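# Understanding the architecture of this molecule
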Amino acid sequence: MSTIQPKLSGLKPENFQKVINGKKTDLYTLVNAEGNEVSICNYGGAIPAIMVPNKDGKIENVIQGFDNLDEYLKGNEPYLSTLIGRWGNRICDGKFTLNGKEYKLAINNGKNHLHGGPTGLHAQVWDAYQTGEQNLTLNCTLPYGHEGFSGEVKISVEFTWTDDNELILEYMATTNKKTIINLTHHAFFSIQGIGNPTATVLDQELEMNCDFYVPTDETSIPTGEILKVEGTPFDFRTPKTIGERIDADDEQIKFGQGYDHNYICNKKEVGELSKVVTLYCPTSGRVLEAWTTEPGMQLYTGNFLSDFQIQNGCRSQRRSAVCFEAQHFPDSPNRPYFPSTVLKPGEKYNQKTIYKFSVK
């Protein structure tokens, strides 16, 4: 059973409790000194609630998810605010070569591999350990050959909910054989507050500390180029509304039907924890800031979301959420000049991402 009952979200832990492949699922809630809450399910590391105040003190949910496990199991929106791995984003043709051996992965996005495959981390029951009101650790082991990958990997993700309304995600992983790894969380943020329907994010003001981005082909696989954002619809170095150029007459925008691209985070040194994102919603007054140690940040503006029911009778719609997926670059195993995603035995994979909520 859950140790803390959610008070603000309306979520019922019993709606998340099942036994899947002999493992129990549940809903875990973190509460900070302000009384604000984050709820996390150990099925896929899904986050169905982040309850924080707007400028008038009204507490609302600012992340899209479902209010019961059955909806997650249906798989209609399989990555809706879940953990992603062992490979976040795409690998061209579902193939890569490591130590001279070609590995063939699950093909689940056109001709490409996406997000670790159909049974990736989003579809795993994690071992959960709640060590206090503000901390939850999830552990998962993916066996050798899982979805075609080499190496058994042991993965741990620690969630911390601070008194400053910071949700900190710390990822750790090890392997027994050389493999590739690229972990992230696919949180669908709606800082305007979810509703019926949830309003679009088009009037929200976005600033990103990124001078370059990675262009793609029509299947969202990198072309291999790294381009300046300057003079393009991808330039958020100063605050601009998401909707200002989301339908621009630009090939890259048309490929993604909006923004669905990896940005290269400005870093003074590799692995530096730096602020990459500042998002402001004039309607609610909420601000979301994102820091990460990762070299890339996938900006996705919910272009492929449809009209479907999310938690508590609310509804999603196209472009009603925005994702900031801290990660290495798509198709990195096939691009030796991209930052390496290889993990070897004896090494530790570490990354840290922070999402902070405030108002102005």
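As a starting point, this report considers the structure included with it. Nothing here was measured: the structure is a model prediction, and the numbers come from that model. Within each chain, residue numbers correspond to sequence positions counted from 1 in written order. With the structure being a predicted model, the display of local features is reserved for residues of pLDDT at least 70 and the display and counting of side-chain atom pairs for 80 or more, all residues being used for whole-chain, interface and lining totals. Processing note: side-chain calculations cover all non-hydrogen atoms of the structure and skip hydrogens and water entirely.

## Regarding the nonpolar core
Nine residue types can take part in a nonpolar core, namely buried Ala, Val, Leu, Ile, Met, Phe, Trp, Tyr and Cys, and a core is a set of them joined through side-chain atoms within 4.5 Å. Classification of residues uses two cut-offs on accessible area relative to the type maximum, computed with a 1.4 Å probe and protein chains only: under 20% is buried, over 50% is exposed, and between them is partly exposed. Ranked by internal contacts, the top residues of the largest apolar core, which has 59 residues, are Ile50, Phe159, Phe189, Tyr263, Phe324 and Phe357. Broken down by element, the residue count for this core peaks at 5 residues, all from strand β14 (residues 153-161). Whether two residues touch is decided by their heavy atoms; if any such pair falls within 4.5 Å, the residues are in contact. For Phe189, the contacting residues outside a window of four places in its chain are Ile50, Val62, Ile63, Val201, Leu288, Ser320, Ala321, Val322, Phe324, Tyr355 and Phe357. Counting 23 residues, the second-largest nonpolar core is a separate cluster that includes Leu27, Cys41, Ala46 and Ala49. We count a stretch as a helix when DSSP gives it H or I for four or more residues in a row; a strand needs E for two or more, and each element gets its number in order from the N terminus.

## A closer look at the side chain of His122
You can see His122 is positioned in the loop between β11 (113-114) and β12 (127-132). The term polar contact refers here to a pair of N or O atoms within 3.5 Å; inside protein, the definition further demands a hydrogen-donor-capable atom paired with an acceptor-capable atom, and it admits residues adjacent in sequence only when both atoms are side-chain atoms. From its side chain, His122 meets the backbone oxygen of Pro118 in a polar contact 3.3 Å long. Dropping the residues within four chain positions of it, His122 is found in contact with Tyr43, Gly44, Pro78, Tyr79, Thr82, Leu83, Ile84, His115 and Gly117.

## Here we look at the pairing of strand β24 (residues 286-292)
Within β24, 7 of the 7 residues are buried, which leaves the element mostly enclosed by the surrounding structure. What you see with β24 is no split at all: Arg286, Leu288, Ala290 and Thr292 on one side and Val287, Glu289 and Trp291 on the other are buried throughout. Sheet analysis places strand β23 (residues 274-280) next to β24, joined by 6 bridges and oriented antiparallel. What sits directly across from Val277, in β24, is Ala290. Whether two strands pair comes down to DSSP finding at least two bridges between them. What sits between β23 and β24 in their antiparallel hairpin is a turn of 5 residues, with Gly285 showing a positive phi close to 80°. Where β24 lies against strand β28 (residues 349-359), 7 bridges are found, and the strand directions are antiparallel. Bridging across to β28, Leu288 finds its partner in Phe357.

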